[in-house]
Amino acid sequence: MSLWVDKYRPKSLDSIDYHFNISKRLKSLASSGDFPHLLVYGPSGAGKKTRILATLQELYGPGVNRMKIDVRTFKTPSNRKIEFNIVSSPYHIEITPSDLGNNDRIIIQDLLKEIGQTEQIDFQTGKHRFKIVIINEADSLSRDAQAALRRTMEKYSTNIRLILISNSTSNIIPPIKSRTLLIRVPLPTVNEIVGVLSKIAEKEDIRLPSNEDEKSSILAKIAEHSDRNLRKTILSFEALAMTNDSISSACKLVELDWEKVIADLSKQVVKDRSVKNLSQSRSVLYELLSHCIPAKIILKELTFNLLCDPRVTDPMKYDIVDASSLFDERLSLGSKDIFHLEGFLARSMVIMESKK
């Protein structure tokens, strides 16, 4: 039994129910015979990965769905062995080098060089084909890794095509942006999400109000509560359906525990700016990290919650944003996430105390 978000993931560009102009553009690129390097960017939950996998199916057919996971071992310059997971099919591989932190350059240099030096042949037609390499979280790559990636793009462009996925282009170096075709995938509108949820409800036989306006209002409320993140919306919709016999306006929307914990932590930081409270905050941060909530997500949510607190004045907000950007960079460079998250809370307390 699979989650609805996987069960109803579109397999082809024609079956994606929103942003038809992007689908049309990708379909045209796939059929052109001159597929470029791509940089696909946009907010989380907008459908970037879904469109890329659908584009691969347009290029190669259903063979791209025969995927497997391999574990490869690489050596660092200090001779330390590191293991790295690779998702692959006969036509593409998918990697997330940023998982290795500052060692991401090793993956880019060794793995892409190995793939780039191997010529791909389509045995049905006898023609030379390129292999697709999907790089997740491209905006989290280190500068050294991006520099190595740029050289790879130039040297092995006949054998591989890169598809970079990122939430934004701000951290991507200009030489990479100039060598890729940029495609922005924005979040779907509320009405588009309502259409997707309606189709899922029909297929799963979910009981919704018979009144069309009331039904649309409930589905729109779920979409807005999930910040128009389609993945999060479908997961919330499934959770509601599993806990209620029928979905109506009386149903309470799903609240994520970790979001509530971060919201309570930020309120406590604003209320009590003491060393004792800072020490107690460490156990909360440890708990969040132990539940696999990424440190950068924790930092982002803490920042937004602090900025939205009415007790935080405008002069404080400017300094908190500045501190958040500083510790966001330190999270990328350092290895102990807890130190940087706790450091951000301490800096925020100092800012609020000095400017009260």
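Residues numbered from 1 in each chain as written. Predicted model: local features only at pLDDT ≥ 70, side-chain atom pairs only at ≥ 80, totals over all residues. Heavy atoms only, no water.

1. A closer look at empty space enclosed by the protein
Within this structure, the stated rule accounts for one cavity of 30 Å³ or more. Taken as a whole, the largest cavity holds about 50 Å³ of empty space. Forming the walls of the largest cavity are Ile-218, Lys-221, Leu-240, Ile-247, Ser-248, Ser-249, Cys-251 and Leu-253. (1 Å grid on protein atoms, 1.4 Å probe; cavity = no way out; pocket = protein on both sides within 12 Å on 5 of 7 lines; lining within 4 Å. Points joined across faces, edges and corners; volume = space filled by probe spheres on them.)

2. A word on the nonpolar core
Ranked by size, the top nonpolar core spans 49 residues in total, and within it Ile-132, Ile-163 and Phe-237 carry the most contacts. Considering every element that reaches this core, the biggest residue donor is helix H7 (residues 190-204), with seven residues. Beyond its immediate stretch of four places on either side in the chain, Ile-132 contacts Phe-35, Leu-56, Leu-59, Tyr-60, Tyr-91, His-92, Ile-93, Arg-161 and Ile-163. The next biggest cluster of nonpolar side chains, apart from the first, holds 29 residues, and it includes Leu-39, Ile-107, Ile-135 and Ile-160. (Core = buried A, V, L, I, M, F, W, Y, C linked by side-chain atoms within 4.5 Å. Buried < 20%, exposed > 50% of the residue type's maximum accessible area, 1.4 Å probe, protein only. Helix = DSSP H or I, 4+ residues; strand = E, 2+ residues; numbered from the N terminus. Contact = heavy atoms within 4.5 Å.)

3. A word on the pairing of strand E3 (residues 81-88)
Judged by which residues are buried, E3 turns out to be one-sided: Ile-82, Phe-84, Ile-86 and Ser-88 face inward and are buried, whereas Lys-81, Glu-83, Asn-85 and Val-87, on the alternate face, are not. From the end of strand E2 (residues 68-75) to the start of E3, which pair antiparallel, there are five residues, and Asn-79 there has a positive phi angle of about 70°. A loop of three residues connects E3 with strand E4 (residues 92-95), the two strands running antiparallel in sequence. (Pairing = 2+ DSSP bridges.)

4. Thoughts on the side chain of Ser-348
Its location among the elements puts Ser-348 in helix H14 (residues 337-354). On the accessibility criterion, Ser-348 (0% relative accessible area) is buried. With residues near it in sequence (within four places) discarded, Ser-348 still touches Leu-306 and Ile-320.

5. What about the packing of aromatic side chains?
What the rule picks out here adds up to three aromatic pairs. Between Phe-327 and Phe-344 the ring centres are 6.4 Å apart and the planes differ by 70°, which places this aromatic pair in the edge-to-face class. In this pair, Phe-327 is assigned in helix H13 (residues 314-333) and Phe-344 in helix H14, connecting sequence segments 17 residues apart. Its relative accessible area of 0% is what places Phe-344 among the buried residues. Note that Arg-51 overlies the ring of Tyr-18, its terminal NZ or CZ placed 5.0 Å from the centroid. Against the face of Phe-327 rests Arg-330, its NZ or CZ located 5.1 Å from the ring centre. (Phe/Tyr/Trp six-rings, centres within 6.5 Å; stacked < 30°, edge-to-face > 60°. Lys NZ or Arg CZ within 6 Å of the ring centre and 35° of its normal.)

No statement about biological role is implied by the geometric values presented.
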